[in-house]
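Structural description and commentary
Each chain, written out:
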Amino acid sequence: MRGNGLWAQLRRPPGGRDARIMLLAQGVDRTGSGVWAAASVLYFTYVCGMDAGRLGLLLGVGAVAGIVGSPLAGRAAERLPVRGLLIGCHLLRVATMGLLLVVDRFAALLLSVALTCLAERGAKTLEMLFATRIAGERRATYQALFRSVANGGYAVGTGFAAIGLAVGSTTAYRALIVANALSYLLAAALIRRTAEPAGRGLVAAVPSPAQEAAGGGPAAVPSPWRDRGYLLFVLLDLPMCLDDSVLNVGLPLWLIHHTGAPHAVVPAFLTVNTVLVVVLQLRVSAWAENPRGATTAVGWYGVTLLASCGLIALSTGEGPLTASLALLAAAALVTLAELMRSVSSWELAVSLAPPRAKASYLGVAGMSQSVQKSVGPMLMTGVVMAAGPAGWLALGAASTGLAAVQRRASLRRLAALEASAGAAAGASAGASASAVVG
């Protein structure tokens, strides 16, 4: 068992040397992202002097740009090396962070934030594709290692940010921006040491000798935008990402406005989340090491989120201790749901995509997180919390129902893909036999 622990797996991750370097680069990247996430709103408010309206517009435009970044990166990865594109995304973020230091006009700040978010989401899609190619069938284990590293890096980054925020000067804020930019630069330098993973260029089927003899060629590369089955998966995957908004928006605001729990409990939500991700991610990923296991994890996601929402609803009107314990337990359950969703969404996004066009398909699947980040907070505050405890119960019930639909739809598509692969194999065998006879 010890040989299968987190540290042992980090030393020998799926994908070998390049995987180790990529995991280190991702940890460095997320450390810088943690710095900026903790400081950005305060920087724009106190250093740039933005009011709430302009700040909301800035963040909204950034969220929209992030939605666009995923499919653009996926499409580009079918024609250009993933490694070079990923380095380019990091260098673009270095430039946009530097731009923040020298501009103060709102239009320029808007452009900087939009490009930063576009490059960030593009980088995450490319990281996913890179890992899929180097880790192969063990991509679920790689995803678990990545999430452990990312959460650790994010926690370190927020710790560094706390030092700068405690100082509170303009110089301190600018130092945090420089630290974030340097993290992207270091990540790009690390990725430069990796080799381009197998599968670079257009991910298209190559005709077999038998097909060439029969005059056949590769089939046309399918488009994810015309694939209704895959678009249904992506559409259903959107609400599967709401655990992020529940943890980061719903739980803190509910504690403050609807319970008697002390406000000091709010930071503990992130602590619970970080610790459980580091400790449990590898074990949970074992459930989704294959597509069938991933569909099972989807079903458990809905049940777990329903239980969490039930605890949040029950925390209303309770004493400080009871409310605190209920919300901390809810945070633990939300984290378990997050763990199951993170590995199952990735595994299904890869497994449900046709082999000939995984890059563009993964780019479309990567939109789920970006859409959730732009819509999820408004859903929490404007619908769920506005409805009171009943809103939480409705959210949990809806998540459970949609998870069941997602599971059934994924099983149907997997069966169809397996049948198609079997038919293609039979046709290839028949063509080979005909070529031999001829």
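Residues numbered from 1 in each chain as written. Predicted model: local features only at pLDDT ≥ 70, side-chain atom pairs only at ≥ 80, totals over all residues. Heavy atoms only, no water.

**Considering helix H13 (residues 320-351)**
Selection criterion: Helix numbering and strand numbering both begin at the N terminus, where a helix is a DSSP run of H or I of at least 4 residues and a strand a DSSP run of E of at least 2. In a helix, the anticipated span is given by 1.5 Å times the number of residues less one. Throughout this description, buried means an accessible area under 20% of the type-specific maximum (1.4 Å probe, protein chains only), exposed means over 50%, and partly exposed covers the range between.
With 32 residues, H13 extends 46 Å from end C-alpha to end C-alpha; this agrees with the ideal 46 Å at 1.5 Å per step. The buried count for H13 comes to 23 of 32 residues, which makes it a mostly enclosed element.

**A few points about a nonpolar patch on the surface**
Rules: Patches draw on residues past 30% relative accessible area with no salt bridge. Two like charges within 9 Å are joined, as are two nonpolar side chains (Val, Leu, Ile, Met, Phe, Trp, Tyr) within 5 Å. Residue exposure ignores everything except the shown protein chains as possible cover, and the areas themselves are Shrake-Rupley values with a 1.4 Å probe. The rule for a salt bridge is simple: a side-chain nitrogen of Lys or Arg has to be within 4 Å of a carboxyl oxygen of Asp or Glu.
A contiguous nonpolar surface patch, about 330 Å² in accessible area, is contributed by Leu 91, Val 178, Leu 182 and Leu 185. With 3 residues, helix H7 (residues 170-191) is the single largest residue contributor to the nonpolar patch. Relative to the helices and strands, Leu 182 resides in helix H7.

**Here we look at helix H10 (residues 243-258)**
The criterion, for reference: Throughout, the bend at a residue refers to the angle made by two axes, fitted to the seven residues ending there and to the seven starting there.
In this model H10 runs just 20 Å from its N-terminal to its C-terminal C-alpha over 16 residues, more than 12% under the 22 Å that 1.5 Å per residue would give. Along its length, H10 shows its largest kink, about 35°, at Gly 250, and proline Pro 252 lies within four residues downstream of that point. When H10 is considered as a whole, its buried residues turn out to be Asp 243, Ser 245, Val 246, Leu 247, Val 249, Gly 250, Leu 251, Pro 252, Trp 254 and Leu 255.

**What to know about the packing of aromatic side chains**
So the rule is basically this: Pairing of aromatic rings covers Phe, Tyr and Trp, the last through its six-membered ring, and needs centres within 6.5 Å; plane angles under 30 degrees mean stacked, over 60 mean edge-to-face, and all others mean tilted.
Evaluation of the coordinates by the stated rule reveals 8 aromatic pairs. Summarising the aromatic geometry, the rings of Tyr 230 and Tyr 361 are spaced 4.7 Å apart at their centres and angled 70° between planes, so their arrangement reads as edge-to-face. One end of the pair, Tyr 230, is in helix H9 (residues 228-237); the other, Tyr 361, is in helix H14 (residues 358-365), with 131 residues separating them in the sequence. As far as the burial class goes, Tyr 230 and Tyr 361 line up, both buried. Look at Trp 254 and Trp 392: their rings are 5.9 Å apart centre to centre, the planes differ by 85°, and that puts the pair in the edge-to-face class. With Trp 254 in helix H10 and Trp 392 in helix H16 (residues 389-437), the pair connects residues that are 138 residues apart, well separated along the chain.

**Considering the environment of Gly 299**
Summarising the element assignment, Gly 299 is placed in helix H12 (residues 291-314). In this structure Gly 299 comes out as partly exposed when scored by relative accessible area, which is 23%. Sequence-wise, Gly 299 and Thr 400 are 101 residues apart; in three dimensions their C-alpha atoms are separated by 7.4 Å.

**Some words on the pattern of salt bridges**
One pass over the structure, following the stated rule, counts 10 salt bridges. A salt bridge links Glu 78 to Arg 79; the shortest N-O distance between them is 3.9 Å. Its salt-bridge partner being Glu 120, residue Lys 124 comes within 3.5 Å of it at the nearest N-O pair. Of this pair, Lys 124 and Glu 120 are both found in helix H5 (residues 106-135), 4 residues apart, which corresponds to roughly one turn of the helix. Judged by relative accessible area, Lys 124 falls into the partly exposed class, the value being 26%. Of the residues examined, Glu 120 reaches a relative accessible area of 25% and is grouped as partly exposed. Residues joined in a network through salt bridges with shared partners are Asp 29, Arg 30, Arg 93 and Glu 127.

**Overview of the confidence of the model for the protein**
Inclusion rule: What pLDDT reports is the predictor's confidence in each residue, on a scale of 0 through 100. Should any heavy atoms of two residues lie within 4.5 Å, those residues are considered in contact.
Averaged over all residues, the pLDDT of the protein equals 83, while 89% of them reach at least 70. Below a pLDDT of 50 lies the segment residues 200-218, which in the model reaches 28 contacts outside its immediate sequence neighbourhood of four places, other chains included. Of the regions scoring below 50 in pLDDT, residues 431-437 engages in 3 contacts with residues more than four places distant in sequence or in other chains.

**Points about the packing of helix H3 (residues 52-76) against H14**
How we decide: Whenever a helix is involved, its axis is fitted only over the stretch in contact; in every case the axis is a line through C-alpha atoms, and angles between N-to-C directions fall within 0 to 180 degrees. Here roughly perpendicular refers to angles of 65 to 115 degrees, roughly parallel to angles under 35, roughly antiparallel to angles over 145, and oblique to all remaining angles. Amino acid classes used here: Ala, Val, Leu, Ile, Met, Phe, Trp, Tyr, Cys and Pro are nonpolar; Asp, Glu, Lys and Arg are charged; the rest, including Gly, are polar.
In contact at an axis separation of 7 Å, H3 and H14 are set at 175° when each is read in the N-to-C sense. Judged by the inter-axis angle, H3 sits roughly antiparallel to H14. Residues Ser 70, Pro 71, Gly 74 and Arg 75 of H3 pack against Ala 359, Ser 360, Gly 363 and Val 364 of H14. Residues of the contact of H3 with H14, tallied by class, amount to 3 nonpolar, 4 polar and 1 charged.

**Examining the environment of Ala 19**
In this fold, Ala 19 is placed in helix H2 (residues 16-47). Linking Ala 19 and Ile 191, residues 172 residues apart in sequence, is a C-alpha distance of 10.0 Å. Look past the residues within four positions of Ala 19 in its chain and what remains in contact with it is Pro 13, Pro 14, Ile 134 and Tyr 142.

**Things to note about empty space enclosed by the protein**
As a reminder of what qualifies: Only protein atoms enter the 1 Å grid, on which a cavity is a set of points fitting a 1.4 Å probe that cannot get out and a pocket is an open set with protein on both sides within 12 Å along at least 5 of 7 lines, lining residues being those with an atom within 4 Å of a point. Grid points are joined across faces, edges and corners, and a volume is the space filled by probe spheres set on the points.
Summed over the entire model, instances satisfying the criterion amount to 2 cavities of 30 Å³ or more. Computed from the structure, the largest cavity encloses a volume of approximately 40 Å³. Forming the boundary of the largest cavity are Phe 233, Asp 237, Met 240, Val 298, Tyr 301, Arg 341, Ser 344, Ser 345, Leu 348 and Gln 406. Put simply, the parts of the chain that give the lining of the largest cavity at least two residues each are H9, H12 and H13.

**Some details on the nonpolar core**
Condition: Definition of nonpolar core: a set of buried residues of the types Ala, Val, Leu, Ile, Met, Phe, Trp, Tyr and Cys, connected through side-chain atoms within 4.5 Å.
Counting residues in each nonpolar core, the largest one holds 88 residues, and the members touching the most others are Tyr 142, Tyr 230, Leu 251, Phe 269, Ile 312, Trp 392 and Leu 395. The element best represented in this core is H13, accounting for 13 residues. When sequence neighbours within four positions are dropped, the list of residues in contact with Tyr 142 reads Pro 14, Ala 19, Met 22, Leu 23, Gln 26, Ala 131, Ile 134, Ala 135 and Trp 346. Grouped together as the second largest cluster of nonpolar side chains are 16 residues, Leu 58, Phe 106, Leu 109 and Tyr 173 included.

**Topic: the environment of Leu 311**
In this structure, Leu 311 sits in helix H12. Between the C-alpha atoms of Leu 311 and Leu 333, which are 22 residues apart in sequence, the distance is 9.4 Å.

**Notes on the packing of H2 against H7**
Put simply, the rule reads: Note: crossing handedness is left-handed where the near helix turns anticlockwise from the far helix by less than a right angle, and right-handed where it turns clockwise.
The geometry of H2 relative to H7 is characterised by a closest axis approach of 8 Å and an angle of 155° between their N-to-C directions. By the criterion of interaxial angle, the relationship of H2 to H7 is roughly antiparallel. In the packing of H2 onto H7, the handedness of the crossing is left-handed. For the contact of H2 with H7, a count of residues per class yields 20 nonpolar, 5 polar and 2 charged.

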